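Each chain, written out:
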Amino acid sequence: MFSAPNVIPEEIAVLPKVNLHTHLEGSVRPETFWELCREQKLQLPFERSDVVRALQVTGEERNLVDYLEKIARVYPALKNAQALHRTAYEAAIDAAHDRVIYLELRAGPMTHACPGLPVEKVIEAMLLGLRRAESETGIVCRLIVAALRNHPVADNLHLAKVAVEFGNEGVVGFDLAGDEANFPAQLHAEAIEIARRGGLGITIHAGEAAGPENVRYAVMELGTKRVGHGIRSVEDAGVMELLAEKSILLELCPTSNVHTKAVGDIRSHPVRRFFDYGIRIAIGDDDPITSNTRLSRELTLLQEQFGFSIQELQRIQKMALEAAFISDKALRERLYQQICAIDSSKE
Ligand SMILES: [Zn+2]
């Protein structure tokens, strides 16, 4: 069972980090999940001692769909405002402990909406959790609203309109996630257009469980500036050129890619090829609980497996920040200075 390194070199531990790609649903602490189920009197088909195994990959997953099913185990516990507040808060706290200074947490609010809990309340609860973490730790958190590919088109149109209404409240982006192989992005092009016109940043999961043509479509037709994963772009020289030329940022999450079988093994991950080609990249942890990882562990993986120097890892944090959905120039500058400060402190 592949997992990212557990021992983090000090220089990576202290590096101020930017995480643009992490999902709330893959970030729920197992003990929290257990408590939420108990509080809500939800029946579980496993014992407390098996809860970690139930939420984390075991190596038996054949593809992205199997991986997503694992993540979906937490869904029943999240149809509740307090649960959303708590899990968003804890995801941000865990990131802050990993020395993440800027987090764009993403979540699929439609999954958690239910009678008595409209999607607006779902988003509100998560934003409150993020604000609490900000005030306690100094981390800066924003929310990306994720539309799921397998959801009805009308639901995602509604979601896009609601997401835009939260544009001044902490929602900064709109994402398309979920089962890429079976549900083309074309279905949800209008929802993405609504979000884009409403001023939200766009990022699309593409080229993860399907080919590079999906990356091309996301860039050319949906106007995305960021692509979730996009790793299969390496199969098409034209798409590689397009990404470099248009300064598209790939949000790469190497461990998750091994777990979803998007790559055969970690050695064949194209992270180095993208970087050396001059394509902008950010590193995320995708689903830190599901994949038993953290951003610092992903960066250690890059150092150990692909020889990334600490300077290169720092440069990646700067690239991520440049592509972050931040409209406030002063905030971006302040975060940039925090990343740079690590050099001077060594002198
Ligand atoms: Zn993702």
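Above this text sits the structure in question.
Residues numbered from 1 in each chain as written. Predicted model: local features only at pLDDT ≥ 70, side-chain atom pairs only at ≥ 80, totals over all residues. Heavy atoms only, no water.

**Q** Got a sec to walk through the overall build of the protein? Specific residues and values, please.
**A** The helix and strand tally for the protein stands at 16 helices and eight strands. Here the C-alpha atoms of the protein give a radius of gyration of 19 Å, agreeing with the 20 Å that 2.2 N^0.38 yields for 347 residues. Reported as C-alpha extents along the three principal axes, the dimensions of the protein are approximately 50 × 45 × 40 Å. Looking at the protein as a whole, 58% of its 347 residues qualify as buried. Intrachain contacts of the protein at a sequence separation of at least 6 include 75% that bridge at least 24 residues. About 14000 Å² of surface is accessible on the protein, with carbon and sulfur atoms providing 48% of the total. On the protein, the mean spot of the 39 positive side-chain charges and the mean spot of the 49 negative ones are 2 Å from each other. (Helix = DSSP H or I, 4+ residues; strand = E, 2+ residues; numbered from the N terminus. Rg over C-alpha atoms; globule rule 2.2 N^0.38 Å. Buried < 20%, exposed > 50% of the residue type's maximum accessible area, 1.4 Å probe, protein only. Contact = heavy atoms within 4.5 Å. Areas by Shrake-Rupley, 256 points an atom, 1.4 Å probe, with all protein chains shown as cover. Lys, Arg positive; Asp, Glu negative; His and termini not counted. Charge placed at Lys NZ, Arg CZ, Asp CG, Glu CD.)

**Q** Outline the packing of aromatic side chains, listing residues and values.
**A** All chains considered together, the criterion is met by one aromatic pair. Ring centres 5.2 Å apart and planes at 70° place the aromatic pair Phe275 and Phe308 in the edge-to-face group. Placement of Phe275 in helix H13 (residues 271-277) and of Phe308 in the loop between helix H14 (295-306) and helix H15 (310-323) is noted, with a sequence separation of 33 residues between them. With respect to class, Phe275 is no different from Phe308; both count as buried. Residue placement shows Arg226 over the ring face of Phe325; its charged tip is 3.8 Å from the ring centre. (Phe/Tyr/Trp six-rings, centres within 6.5 Å; stacked < 30°, edge-to-face > 60°. Lys NZ or Arg CZ within 6 Å of the ring centre and 35° of its normal.)

**Q** I'd like a rundown of the sheet that holds strand S1 (residues 17-23), residues and numbers included.
**A** Taken together, the eight strands give an open sheet; going across it, the order is S1-S2-S3-S4-S5-S6-S7-S8, and neighbouring strands pair in parallel fashion. Looking at the sheet topology across the chains shown, the edges are occupied by S1 and strand S8 (280-283). Taking each pair of neighbouring strands and ignoring which way they run, the sheet shows an average axis angle of 25°. Both strand S4 (residues 171-177) and strand S5 (residues 201-206) contribute to a ladder of four bridges, which runs parallel. Its bridge partner lying in S5, Leu176 is registered against Ile204. Against the sheet, helix H8 (residues 153-165) contacts strand S3 (140-148) and S4, and its axis sits at roughly 160° relative to S3. (Pairing = 2+ DSSP bridges. Axes fitted to C-alpha atoms, helices over the stretch in contact; angles between N-to-C directions.)

**Q** I'd like to hear about the pairing of S4, residue by residue, with values.
**A** Here S4 lies mainly inside the structure; seven of its seven residues are buried. Sheet analysis places S3 next to S4, joined by six bridges and oriented parallel. Paired with Ile144 across the bridge in S4 is Gly173. Considered for its hand, the β-α-β crossover made up of S3, H8 and S4 is right-handed. Between S4 and its parallel partner S5, the chain crosses via helix H9 (residues 189-197), and the hand of that crossover is right-handed. (Right-handed = clockwise from strand over helix to strand, strands pointing away.)

**Q** How would you explain unusual backbone geometry if you had to name every residue and give the values?
**A** With phi around 65°, Arg99 is a residue other than glycine that occupies positive phi space. Mapping Arg99 onto the fold places it in the loop between helix H5 (81-97) and strand S2 (100-107). By relative accessible area, which is 35% here, Arg99 ends up partly exposed. Positive phi outside glycine occurs at Ser247, with the angle close to 50°. Mapped onto the elements, Ser247 comes out in the loop between helix H11 (237-245) and strand S7 (249-252). The class of Ser247 is partly exposed, set by a relative accessible area of 40%.

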